[in-house]
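Coordinate analysis (summary)
Here's the letter readout for the chains.
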Amino acid sequence: ATAGEIPQLRTDARAAAAGEAVRKTAQEQEARFWAQARLVANAGGLLWFAITVPFLVAFASNAAGLPVGVVVADGLFLALMAFDLYLDDDAMIVDFASVAPLGLLAHACRLDRSVCASLRTLQLIMLRRGSERVDAVLKFLAEEKRIRCLGAAGAGAAARLLIVFCLAIHWVACLWYGLARIQKRSWVDAYRRRGVLAYDMKTGSDGDGWRFWYRASLTWAFSTITSFGDGGADATNPLERAFQIFV
């Protein structure tokens, strides 16, 4: 190169280096975005199934198929989580089994809602990686969103404990109501007679709304787990008393 061409070559080299840096930054930002999207999809899906699976099993009506909102959310989360497992080199066969859409297939066949809800229990296998997901979310919030308190020592254990406590109350509440549904006479009959009818409580537009009975079951679960009492939903037979002692 001649003396007059050297400055131009230097300028071109700087421009090429700057362009390469921009492309590299864009690639890093894109990779970070997809990593965050996968994290949100996994954490959201895990929480969704941990909440809705026991609830639908306990409170499922006799209608055919699943509610529309459940079908849409299940399809979205299962697709995203299956794609994430495909990209995960450490995924096991049991992890792929956890995203099998048996509940959606049963819905497509118009089976009873109770059957569809029962088949969705397969998704609970994904809870085996729950602690890993919680730690990943806390790390993301602490490093990316600059929420410093979540990066403190013991924050992960405290968050896991809080999540387990809330889910335990929800699961016990669903089991308490589900236990009543498989019996001819249960705490629901006594609660309806002593509380609902005696105090003219509002149980829903259909006279037996799931919202009322979920609140009653949730109150019983919280009161029993925290040893505050039974929330007025007294056990009425040996099976219910055994479950109450176990809780």
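Everything discussed here concerns the structure shown above.
Scope of this entry: the structure provided in the associated data block. (Residues numbered from 1 in each chain as written. Predicted model: local features only at pLDDT ≥ 70, side-chain atom pairs only at ≥ 80, totals over all residues. Heavy atoms only, no water.)

**Re the packing of aromatic side chains**
Applying the stated criterion across every chain yields a total of 16 aromatic pairs. Both rings, one in W187 and one in W213, keep their centres 5.9 Å apart while their planes meet at 70 degrees; by these two values the pair is edge-to-face. Taken together, the positions of W187 in helix α8 (residues 187-199) and W213 in helix α9 (residues 210-225) put the pair 26 residues apart, joining distant regions of the chain. With 6.0 Å between their ring centres and 15 degrees between their planes, W220 and F243 make a pair best called stacked. You can see W220 sitting in helix α9 and its partner F243 sitting in helix α10 (residues 238-246), a full 23 residues away along the chain. Judged on exposure class, the residue W220 and its partner F243 are both buried. (Phe/Tyr/Trp six-rings, centres within 6.5 Å; stacked < 30°, edge-to-face > 60°. Helix = DSSP H or I, 4+ residues; strand = E, 2+ residues; numbered from the N terminus. Buried < 20%, exposed > 50% of the residue type's maximum accessible area, 1.4 Å probe, protein only.)

**As for the pattern of salt bridges**
Scanning the entire structure with this criterion turns up three salt bridges. We note a salt bridge from R120 to D74, for which the minimum N-O separation is 2.7 Å. One end of the pair, R120, is in the loop between α5 (113-119) and α6 (130-143); the other, D74, is in helix α2 (residues 68-87), with 46 residues separating them in the sequence. Judged on exposure class, the residue R120 and its partner D74 are both buried. We note a salt bridge from D95 to R128, for which the minimum N-O separation is 2.5 Å. Here D95, found in helix α3 (residues 93-97), pairs with R128, found in the loop between α5 and α6; they are 33 residues apart in sequence, far enough to count as distant. (Salt bridge = Lys/Arg side-chain N within 4 Å of Asp/Glu carboxyl O.)

Read these as layout, nothing more, since geometry by itself doesn't imply function.
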